[in-house]
Amino acid sequence: GMSKRASRTRHALAGYAFLSPALIGVLIFMVVPIGVIMWVSLYRWDLIGDTRYVGLANVTNVLSDPSFLSSLRTTILFVLLVVPIQIVLGLLLANLLTKGVRGTVVYRTLIVIPWIAPPLALGVVWSWIFAPTGGLLSALAGTRLEILVSPTWALPAAAFVVVWSNVGYTALFFIAGLLAIPRELTEAATVDGASSSQVFWHIKMPLLRPTFFFVSVTSVISVFNVFDQIYALTKGGPSGSTEVLAYLIYKEAFETGNVGRAAVMACVMMLLLMGLTLAQNLYFRKRTTYELV
């Protein structure tokens, strides 16, 4: 009994010793900042002067603020505009780039370039493309197109830029998922008379569910956090129509100088993302099989 227990304890300690660098990393880079944000949310502070304890005043203040609620709506609309399109296009691209056509390695490299490039620089390039005066699209159309200054079109335009930036990255994961599917499976189905669309829907799609789960969770999180492109393209305008949460949090903290309110917004965003990730997890867990039965 004793020697068994001692060896179990030794194993457990060895396990924790191996895990400790990762656990310390999680502690320093995740738990501590979250704790700091929660602490700051109870104070009024402008980054320079003294902190003043205000309790839950920041929370009630933010949750009843119309500009915060409209920013929340804008962010959700933005996520709904970007994520489904990004995933569908990523999957289509991946399907094309795993067909074994010559030159696909070059294309696979090319599609990732927008994702590697700095988002702020891309935002500046696209703001020139969309510019009403001297902009590329206006020049091609031969008329003044006021896209980024239109409350109707500014958000779809920003969504388009984000999709364009991320679609190659999304496609990479689907390419990996598609290449992991055993060739024998798809070839056997084809021999049995299944069409390529049947193979896609009945064999490839169910086996891609783990990839779908990963891509949908990471896409939602990254689109919720979009800041650089909005900053470069519209600065939240016109009249707040592109003021997503990440941009509003930046504005609250660094322009208005109310770090407490910004911290509350960050907490709301974190809770929202945790809820959405949990929902996606439950949805995919019921539908995902890792075994080929």
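First, a word on what this report is: a plain description of the structure on this page. (Residues numbered from 1 in each chain as written. Predicted model: local features only at pLDDT ≥ 70, side-chain atom pairs only at ≥ 80, totals over all residues. Heavy atoms only, no water.)

Things to note about the overall build of the protein
Here's step 1: In terms of helices and strands, the protein carries 13 helices and two strands.
Here's step 2: Relative to the globule expectation of 19 Å for 293 residues, the C-alpha radius of gyration of the protein, 24 Å, shows a markedly less compact shape.
Here's step 3: Buried residues in the protein amount to 38% of all 293 residues.
Here's step 4: Sequence-distant contacts in the protein: of pairs separated by 6 or more residues, those separated by 24 or more amount to 67%.
Here's step 5: Distance between charge centroids for the protein: 11 Å, based on 20 positive and 12 negative side chains. (Helix = DSSP H or I, 4+ residues; strand = E, 2+ residues; numbered from the N terminus. Rg over C-alpha atoms; globule rule 2.2 N^0.38 Å. Buried < 20%, exposed > 50% of the residue type's maximum accessible area, 1.4 Å probe, protein only. Contact = heavy atoms within 4.5 Å. Lys, Arg positive; Asp, Glu negative; His and termini not counted. Charge placed at Lys NZ, Arg CZ, Asp CG, Glu CD.)

Examining the environment of S165
Here's step 1: By secondary structure assignment, the location of S165 is in helix α7 (residues 154-179).
Here's step 2: Separated by 19 residues in sequence, S165 and E146 place their C-alpha atoms 22 Å apart.
Here's step 3: Once you skip the residues sitting within four places of it in the chain, S165 turns out to touch P114, W115, L122 and Q229.
Here's step 4: A polar atom in the side chain of S165 sits 2.8 Å from the backbone oxygen of V161. (Polar contact = N/O pair within 3.5 Å; in protein donor to acceptor, adjacent residues only side chain to side chain.)

What about the packing of α7 against helix α10 (residues 209-224)?
Here's step 1: Closest axis-to-axis distance for the α7/α10 pair is 10 Å, and the angle between their directions is 165 degrees. Comparing their axes, α10 and α7 come out roughly antiparallel. Once α7 is placed against α10, the crossing between them reads as right-handed. Note on element contacts: α10 touches α7 through T211, F212, F214, V215 and S222, opposite N166, T170, F173, F174 and G177.
Here's step 2: Considering only residue class, the contact of α7 with α10 consists of five nonpolar, five polar and no charged. (Axes fitted to C-alpha atoms, helices over the stretch in contact; angles between N-to-C directions. Parallel < 35°, antiparallel > 145°, perpendicular 65-115°, else oblique. Left-handed = near helix turned anticlockwise from the far one by under 90°. Nonpolar A, V, L, I, M, F, W, Y, C, P; charged D, E, K, R; others polar.)

Side note on the packing of aromatic side chains
Geometrically, a pair of aromatic rings is defined through the distance of the ring centres and the angle of the planes.
Here's step 1: Applying the stated rule across the entire model yields 19 aromatic pairs.
Here's step 2: Here the aromatic rings of F200 and W201 are separated by 5.4 Å at their centres, their planes lie at 85 degrees, and the arrangement is edge-to-face.
Here's step 3: Given the relative accessible area of 15%, F200 is considered buried.
Here's step 4: Judged by relative accessible area, W201 falls into the exposed class, the value being 53%.
Here's step 5: The rings of F227, Y231, Y247, Y250 and F254 are connected pair by pair, giving a single aromatic cluster.
Here's step 6: A cation over a ring is seen here: K235 above Y231, with NZ or CZ 4.1 Å from the ring centre. (Phe/Tyr/Trp six-rings, centres within 6.5 Å; stacked < 30°, edge-to-face > 60°. Lys NZ or Arg CZ within 6 Å of the ring centre and 35° of its normal.)

Side note on a positive patch on the surface
Here's step 1: On the surface, R209, R285, K286 and R287 cluster together to form a positively charged patch.
Here's step 2: Ranked by residues supplied to the positive patch, first place goes to helix α13 (residues 259-287) with three residues.
Here's step 3: Using a relative accessible area of 71% as the deciding quantity, one classes K286 as exposed. (Patch = residues over 30% accessible without salt bridge, like charges linked within 9 Å, V, L, I, M, F, W, Y side chains within 5 Å. Areas by Shrake-Rupley, 256 points an atom, 1.4 Å probe, with all protein chains shown as cover. Salt bridge = Lys/Arg side-chain N within 4 Å of Asp/Glu carboxyl O.)

Observations concerning helix α9 (residues 196-207)
An α-helical turn contains 3.6 residues, so any two residues separated by three or four positions project in the same direction.
Here's step 1: Counted at 1.5 Å a residue, the expected span for α9 with its twelve residues is 16 Å, and the 15 Å between its end C-alpha atoms agrees.
Here's step 2: Within α9 the residues assigned to the buried category are V199, F200, I203 and M205.
Here's step 3: The secondary structure elements touched by the buried residues of α9 are α3 (66-96), α8 (183-191) and α10. (Expected span 1.5 Å × (residues − 1).)

Geometric values such as these leave the question of function open.
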